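Report on the structure
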Amino acid sequence: MTNSREQLYTAIDVGTTKVVTLVARAGMDGGVEVLARGYAASAGMRKGLVVTPDAMKECIRLSANEAEKALGRRLPPAIAGVTGSHFQSHNVSKDDAENGIVNGEGYFTQSNVDGLMQSIAHNPIGMRVVQTVPRSFEESHVIMGDSVPVDTLIATLSAAGITLRGLVVEHLASGEAVLNSDERVLGVVLVDIGGGSTDVVVYREGSPWYTTSIPVAGQHFTTDIATGLGLLPIAAERVKISKGSVWFEHLAERDTAEVKPGLGSSVTSVHLKKLNRLLHDRAVELVRMIMQRLASNGLTHIPSGGIVLTGGASELPGLVDIVADYGKRPVRLGTPSPTLGLPDELMDPAYSTAVGLLLWAMRQRHVEALTGLNGAGALRGRSGGWFSRFKSREPTGVGA
């Protein structure tokens, strides 16, 4: 049992395929000492959005209860991840003077930040500020989301018994866990391929410059297999993990694998060339969607830091090669940094978001930018934490 007075941190990754709960404290060497873990398969979520709150509530409760049992006490207030294709990002600078955001000295003050949050939060209708991240004295990266799915996630977490400290956009959390400082400064594209959505964040000069989410990810690979090979989803997922690859040219028609098509069924033969062709086609489609999304938002060339893939679906054999071929830059598979001192089972792309959520809170980098909760359970933007990083420094010589 832990000391009730020590500082503990809880992270909950509410994903389309799994719910992961981690409880940890900061290690003496700057690492992460994980004290408890919980895991549950997800139900009731599609494409990163809660669609059946009651089912999702039970999954969250199972994951949290497992972590509480290991911890020997109730969970501390938690930081949860949030994602979805409804998110929009904006880089807001002193040139937005028509909104009264920036003062005459050319850099953000606290009142300017408050004005920024209020002005953006009311336009467009139905959208709200979920996260703000500083880029310089003169610019911040603002992420907005649709109020309805964000409120639904908050309500579902609350119904599961979670005391919510705040929300963090999942791909920013994953970046905390897998990117190094050189990549951030050079510029890098982080692609977090989960179960229901593929989240993308572009870093420039050390900070997020563009963020987006695409509603295609690991479950779509599985659905293609299930439809194309006539398997139940559980069997399609199993054969994807055990035999799947994006490469098919080297395979012959006679190359097969045995798989149970359903519960209690006898085994059937699956043609590996057809299996991998399905995975290849979906992978190419996803990569093209990512590149088109980046190009349409002003990124015509991949930054020097290349592309980092993470998330559970990023481990599909050969996917790194396809991304490298289309991006014309180095690509690596991102796992939580080995310097964190994590248990081996968490050193996996599937746990990048959960680990990153812990780091986001522990490092206090932008902790006050976490979405706050008012008494009615609705979101309110908070900005004081990241502003405090800048207000004591001289603004001269700092570019956006």
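Each residue is numbered by its place in its chain's sequence as written, counting from 1. With pLDDT at 70 or above as the cut-off, local features in this predicted model cover only qualifying residues; side-chain atom pairs require 80 or more to be listed or tallied, and sums for whole chains, interfaces and linings still use all residues. Where side-chain values are given, they derive from all heavy atoms of the structure, hydrogens and water being excluded.

Some thoughts on the pattern of salt bridges
- Salt bridge, as used here: a side-chain nitrogen of Lys or Arg that lies within 4 Å of a carboxyl oxygen of Asp or Glu. Counted according to the given criterion, the structure contains eleven salt bridges.
- Among the ionic pairs, Glu58 bridges to Lys57, the shortest N-O distance being 4.0 Å.
- The rule is simple: take the accessible area with a 1.4 Å probe, protein chains only, and divide by the maximum for that residue type; under 20% is buried, over 50% is exposed, in between is partly exposed. By relative accessible area, which is 34% here, Glu58 ends up partly exposed.
- When the shortest N-O distance is used, the salt bridge between Glu285 and Arg282 registers 2.8 Å. On the criterion of helical spacing, the pair formed by Glu285 and Arg282 is a turn pair, its members being three residues apart in helix H8 (residues 272-296).
- Arg282 gets classed as buried once you look at its relative accessible area, which sits at 16%.
- Here the salt bridges do not stand alone but share partners, grouping Lys57, Glu58 and Arg61 into one network. We count a stretch as a helix when DSSP gives it H or I for four or more residues in a row; a strand needs E for two or more, and each element gets its number in order from the N terminus.

Regarding the sheet that holds strand E12 (residues 198-204)
- Paired strands are those between which DSSP finds at least two bridges. Here we have five strands laid out as an open sheet, ordered E13-E12-E11-E16-E17, and mixed in their pairing. Either end of the sheet is taken by a strand with one partner, and the two such strands are strand E13 (207-214) and strand E17 (331-333). Strand-to-strand, the axes of this sheet are offset by a mean angle of 20 degrees, without reference to chain direction.
- Two elements, E12 and E13, share seven bridges in a ladder whose sense is antiparallel. Across the sheet, Thr198 pairs through a bridge with Ile214, a residue of E13.
- What makes two residues a contact is simply this: any of their non-hydrogen atoms within 4.5 Å. To obtain an axis, a line is fitted to C-alpha atoms, over the contacting stretch when the element is a helix, and the angle between two such axes runs from 0 to 180 degrees between their N-to-C directions. Sheet strands in contact with helix H9 (residues 319-327) are strand E11 (188-193), strand E16 (307-310) and E17, and its direction is about 150 degrees off that of E16.

Looking at the pairing of E13
- The element E13 is largely enclosed, with a buried count of eight among its eight residues.
- Hairpin connection between E12 and E13: a loop of two residues separates the two successive antiparallel strands, and Glu205 in this loop has a positive phi of roughly 50 degrees.

Focus on the nonpolar core
- Formed by 63 residues in total, the largest nonpolar core has its most connected members in Val14, Val32, Leu157, Ile162 and Leu167.
- No other element matches helix H10 (residues 352-362), which puts eight residues into this core.
- Membership of the second largest hydrophobic core comes to 42 residues, among which are Phe221, Ile225, Leu251 and Leu309. In these notes, a set of buried Ala, Val, Leu, Ile, Met, Phe, Trp, Tyr and Cys residues joined through side-chain atoms within 4.5 Å is what counts as a nonpolar core.

Re the environment of Thr212
- By the secondary structure assignment, Thr212 is in strand E13.
- The spatial distance from the C-alpha of Thr212 to the C-alpha of Ile143 is 9.2 Å, given a sequence separation of 69 residues.
- Excluding residues that lie within four positions of it along the chain, Thr212 makes contacts with His171, Thr198, Asp199, Val200 and Arg293.
- Distance and chemistry together define a polar contact, namely a pair of N or O atoms within 3.5 Å, with one atom able to donate a hydrogen and the other to accept it when in protein, and with adjacent residues in sequence counting only for side-chain atoms on both sides. Polar contacts involving the side chain of Thr212 include one to the side chain of Arg293, which spans 2.6 Å.

Some details on the packing of aromatic side chains
- Aromatic rings from Phe, Tyr and Trp, taking only the six-membered ring of Trp, are treated as a pair when their centres fall within 6.5 Å; an angle between ring planes under 30 degrees marks them as stacked, one over 60 as edge-to-face, and anything in between as tilted. If you walk through the whole model with that rule in mind, you get one aromatic pair.
- A cation over a ring is seen here: Arg204 above Trp209, with NZ or CZ 3.8 Å from the ring centre. Put simply, a charge is over a ring when the Lys NZ or the Arg CZ is close to the ring centre, within 6 Å, and near the line of the ring normal, within 35 degrees.

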